[in-house]
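Summary of structural features
What follows is the residue order along each chain.
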Amino acid sequence: RAGGGGAVLLPSMLMFGVILASSGLLLMIEKGILAEVKPLNPAAGEAARRGGGGGGGGEEDAAGELEAAVLRDVRNRTLGAVCGQRAMPRSVWDLPAGQRRTVLRHLLVSDKYRFLYCYVPKVACSNWKRVLKVLGGALESVDVRLKMDHKSDLVFLADMKPDEITYRLENYYKFLFVRNPMERLLSAYRNKFGEIKEYQQKYGAEIVRRYRKNGANSAGDDVTFSEFLRYLLDEEVERMNEHWMPIYNLCQPCAVRYDFIGSYERLNADANYVLEQVRSPSFVRFPERQPWYKPVTAETLHYYLCNTQRRLIKELLPKYILDFSLFAYPLPNVTSEFCRQ
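My aim in this report is to walk through the structure given alongside it, one point at a time. (Residues numbered from 1 in each chain as written. Predicted model: local features only at pLDDT ≥ 70, side-chain atom pairs only at ≥ 80, totals over all residues. Heavy atoms only, no water.)

Concerning the pairing of strand β2 (residues 115-118)
The side chains of a regular strand alternate, first on one face of the sheet and then on the other. Rule in force here: Burial classes: relative accessible area under 20% of the type maximum marks a residue as buried, over 50% as exposed, and values in between as partly exposed (1.4 Å probe, protein chains only). Segments assigned H or I by DSSP are reported as helices when at least four residues long, segments assigned E as strands when at least two residues long, and all are numbered from the N terminus. Pairing between strands requires that DSSP locate at least two bridges from one strand to the other.
Taking every second residue as pointing to the same face, both faces of β2 are buried, with Phe 115 and Tyr 117 on one and Leu 116 and Cys 118 on the other. Pairing between strand β1 (residues 107-110) and β2: four bridges, direction antiparallel. Paired with Leu 107 across the bridge in β2 is Cys 118. Linking β1 to β2, which pair antiparallel, is a turn of four residues; within it Arg 114 sits at a positive phi near 55°. One ladder, built from four bridges, connects β2 with strand β3 (residues 173-178); its direction is parallel. Bridge pairing links Leu 116 to Lys 174 in β3.

This is how it looks when you write it as structure tokens:
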């Protein structure tokens, strides 16, 4: 696109595609190397989120830790390969203004404990915000029952001066949490279009009008998953709502060198590790999952993916390929054999 100053920029996804191809990641995916990385054992992850060790004893715990260590190594190596490319940003100041604004708006600051947390919607960010409010003294406990205010009593890096931003990026502990991209999209779809009237009216009604014949009278509460994916296909990544914008674009892991990348699959264990690293008080713990929360299970994801046109999923993957490859998540399996199971 030609900018106001006459500069010509390659579309971001084309640039990323070139970078990925040149670093060999697309070839790795094609050969099945990254796709062979298995997600963490769901049972082990669930036990970790409950704070227990599960019933499998020491061997199962050791196996889970080894599996997590392998995944972290894959992520670190892949990030190093991609971010080491000459065209990739080395700091937030190398980013175009819009991308820089997005990442700075998603970096939460704790000056007291000297850390930066890049929040990603649909990856336990509400609970992390509770933790920050407790650490900052705005909440007495993570268990206080109240509707989460996502703005008040939180400090965003975007609100600081350039020299203050640079100092914190260079000296504070930095972390983010990631999740399987398709699982995150399904979670956003079920939550926003199944429960939140504001999203139904703002996005849902428009989606139905755009992709369904005779959909002009829809209230936006009947959006199908396929219609949602078609909408994502037509959206520019950098203009997406934060709940379905790729994690890469939200947190820019090449421009911001994170000290730790935790995963939703090991939420409790990884969160406890981070709290230890930032030396939070012993009484501060990561919140338990709310009883009303309905998680996306493997079976639920299987059902939605296998009842969606394969073409839609295949065409959508390039927009989220960095989230799959950089964070070592397997590409969705929608083969006929898998879907018959």
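Next comes the rest of the write-up.
Digging into the packing of aromatic side chains
What counts here: The criterion for an aromatic pair is that two Phe, Tyr or Trp rings (for Trp, the six-membered ring) have centres within 6.5 Å, with stacked assigned to planes under 30 degrees apart, edge-to-face to planes over 60 apart and tilted to the rest. Ring-over charges, as used throughout, are those where CZ of Arg or NZ of Lys falls within 6 Å of the ring centre and within 35 degrees of the ring normal.
Counted under the stated rule, the structure contains 24 aromatic pairs. Pairwise contacts between aromatic rings join Tyr 189, Phe 193, Tyr 199, Tyr 203, Phe 225, Phe 228, Tyr 231, Trp 244, Tyr 303 and Tyr 304 into one cluster. One residue, Lys 129, lies across the ring of Tyr 119, its end atom 3.9 Å from the ring centre.

Structural notes on the nonpolar core
Let me state the cut-off plainly: Buried residues of nine kinds, namely Ala, Val, Leu, Ile, Met, Phe, Trp, Tyr and Cys, make up a nonpolar core once their side-chain atoms join them within 4.5 Å. Either an automatic procedure or a domain database provided the assignment from which the domain bounds are taken. The criterion used for residue contact is that any of the two residues' heavy atoms lie within 4.5 Å.
Counting 93 residues, the largest nonpolar core has Leu 107, Trp 128, Phe 228, Leu 232 and Trp 244 as its most contacted members. No other element matches the eight residues that helix α14 (residues 310-326) contributes to this core. Each of domain 1 (97-181 + 245-278) and domain 2 (182-243 + 296-340) gives at least three residues to this core. Discounting residues that sit within four places of it in the chain, Leu 107 has contacts with Leu 116, Tyr 117, Cys 118, Val 155, Phe 156, Leu 157, Leu 169, Val 256 and Tyr 258.

Remember that the coordinates give geometry; whether it matters functionally is a separate question.
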